[in-house]
Amino acid sequence: MENEVGHEIGEALGVLLRRTTRTQLHRRLTEGMGEALDETTYPVLSALARTGPRSAADLAPEVGIDRSGVTRRASRLEEAGLVRREPDPDDRRAQLLVLTDRGRDAVAELRTRLADRITAGLATWPPGEAEAFARHLRRFALEGPFG
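Values in this document were obtained by computation on a predicted structure and should not be read as measured data. (Residues numbered from 1 in each chain as written. Predicted model: local features only at pLDDT ≥ 70, side-chain atom pairs only at ≥ 80, totals over all residues. Heavy atoms only, no water.)

Peer 1: Got a minute to help me understand the pattern of salt bridges in this structure?
Peer 2: Scanning all chains against the criterion turns up 9 salt bridges. For arginine 76, the salt bridge goes to aspartate 38, with nearest N and O atoms at 2.9 Å. Within this pair, whereas arginine 76 is found in helix H5 (residues 67-79), its partner aspartate 38 is found in the loop between helix H2 (19-30) and helix H3 (42-51), the two being separated by 38 residues in sequence. Taking relative accessible area as the criterion, arginine 76 reaches 29% and is therefore assigned partly exposed. (Salt bridge = Lys/Arg side-chain N within 4 Å of Asp/Glu carboxyl O. Helix = DSSP H or I, 4+ residues; strand = E, 2+ residues; numbered from the N terminus. Buried < 20%, exposed > 50% of the residue type's maximum accessible area, 1.4 Å probe, protein only.)

See below:
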């Protein structure tokens, strides 16, 4: 088959990028972290950690849901003390979503849980393979078709 490696990588990426795959992972990562933090609010919290303060409208494309969906999820996170709203200094009509200290602590816990799951999934790989995979995956993400 022509482009066999490309097809194989494409199929693997399809599995990883499926909404159901992400939702299941987010559900497992957020278990026991409170009612407000679940598979639906995780992407908003995670995106804020990556991007810094953003309006719901600006965060929506990053999360892959519409502005009203981001707003609803952010409201749940705000009620739990993980996110706060601040006036946007560049647009007095807009509000920025900002992680609180509790939100940053939650993100740190979620990142630790994710790293632990990944490490556990690679535990049976021969020495050096996981490290090489990490290097190649980073390079692919930065230089490959997504960059």
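Peer 1: What is the right way to read the pairing of strand S2 (residues 91-99) from this model?
Peer 2: The side chains of a regular strand alternate, residue by residue, between the two faces of the sheet. Strand direction decides the pairing type here: strand S1 (residues 83-88) and S2, joined by 6 bridges, are antiparallel. Looking across to S2, one finds that valine 83 is bridged to leucine 99. Taking the residues between adjacent antiparallel strands as the criterion, S1 and S2 are bridged by 2 residues. (Pairing = 2+ DSSP bridges.)

Peer 1: Quick question: what am I supposed to make of the nonpolar core here?
Peer 2: Proteins that are soluble and globular tend to have nonpolar side chains buried together. By size, the foremost hydrophobic cluster in this structure holds 21 residues, and its most contacted members are Leu37, Leu45, Leu48, Leu59, Leu77, Val83 and Leu97. Top element by residues in this core is H3. It accounts for 5 residues. (Core = buried A, V, L, I, M, F, W, Y, C linked by side-chain atoms within 4.5 Å.)

Peer 1: Looking at this structure, how should I read the packing of H3 against helix H6 (residues 101-121)?
Peer 2: Two measures define how a pair of helices packs: the angle their axes make with one another and the distance between the axes. Where H3 meets H6, the closest approach of the two axes is 10 Å, and the angle between their N-to-C directions is 100°. Looking at the two axes, H3 sits roughly perpendicular to H6. Contacts between H3 and H6 involve Tyr42, Leu45, Ala49 and Arg50 from the former and Gly103, Ala106, Val107, Leu110, Arg111 and Leu114 from the latter. Residue classes in the contact of H3 with H6 are distributed as 7 nonpolar, 1 polar and 2 charged. (Axes fitted to C-alpha atoms, helices over the stretch in contact; angles between N-to-C directions. Parallel < 35°, antiparallel > 145°, perpendicular 65-115°, else oblique. Contact = heavy atoms within 4.5 Å. Nonpolar A, V, L, I, M, F, W, Y, C, P; charged D, E, K, R; others polar.)

Peer 1: Where do I start with the side chain of aspartate 88 in this structure?
Peer 2: In this structure, aspartate 88 sits in strand S1. Of the buried charged residues, aspartate 88 lacks a salt bridge, with arginine 93 as the closest side chain of opposite charge at 8.7 Å. With sequence-adjacent residues up to four places away left out, aspartate 88 is seen in contact with Ala94, Gln95 and Leu96. (Lys, Arg positive; Asp, Glu negative; His and termini not counted.)

Peer 1: Is there a simple way to think about H6 in this case?
Peer 2: For an α-helix, 3.6 residues make a turn, and residues three or four places apart therefore share a direction. Across its 21 residues, H6 extends 30 Å between first and last C-alpha, which sits within 8% of the 30 Å expected from 1.5 Å per residue. Among the residues making up H6, those that are buried are Gly103, Ala106, Val107 and Leu110. Down the axis of H6, the buried set is contained in an arc of 100°. They therefore lie on one face. More than 90 degrees from the buried face of H6, the exposed residues found are Asp101, Asp105, Thr119 and Ala120. (Expected span 1.5 Å × (residues − 1). Arc of directions from axis to C-beta.)

Peer 1: Just checking my understanding: could you explain the packing of aromatic side chains for this structure?
Peer 2: The description of two aromatic rings rests on the distance between their centres and on the angle between their planes. Here the structure, examined in full by the defined rule, presents 1 aromatic pair. Taken together, a centroid distance of 5.5 Å and an interplanar angle of 65° make the contact between tryptophan 125 and phenylalanine 133 edge-to-face. Judged by relative accessible area, which is 39%, phenylalanine 133 ranks as partly exposed. (Phe/Tyr/Trp six-rings, centres within 6.5 Å; stacked < 30°, edge-to-face > 60°.)

Peer 1: What's the story with a nonpolar patch on the surface in this structure? I'm lost.
Peer 2: Taken together, the side chains of Trp125, Phe133 and Leu137 make up a nonpolar region of the molecular surface, amounting to roughly 270 Å² of accessible area. For leucine 137, the position within the fold is in helix H7 (residues 129-143). Residue class for leucine 137 comes out partly exposed when judged on its relative accessible area of 43%. (Patch = residues over 30% accessible without salt bridge, like charges linked within 9 Å, V, L, I, M, F, W, Y side chains within 5 Å. Areas by Shrake-Rupley, 256 points an atom, 1.4 Å probe, with all protein chains shown as cover.)

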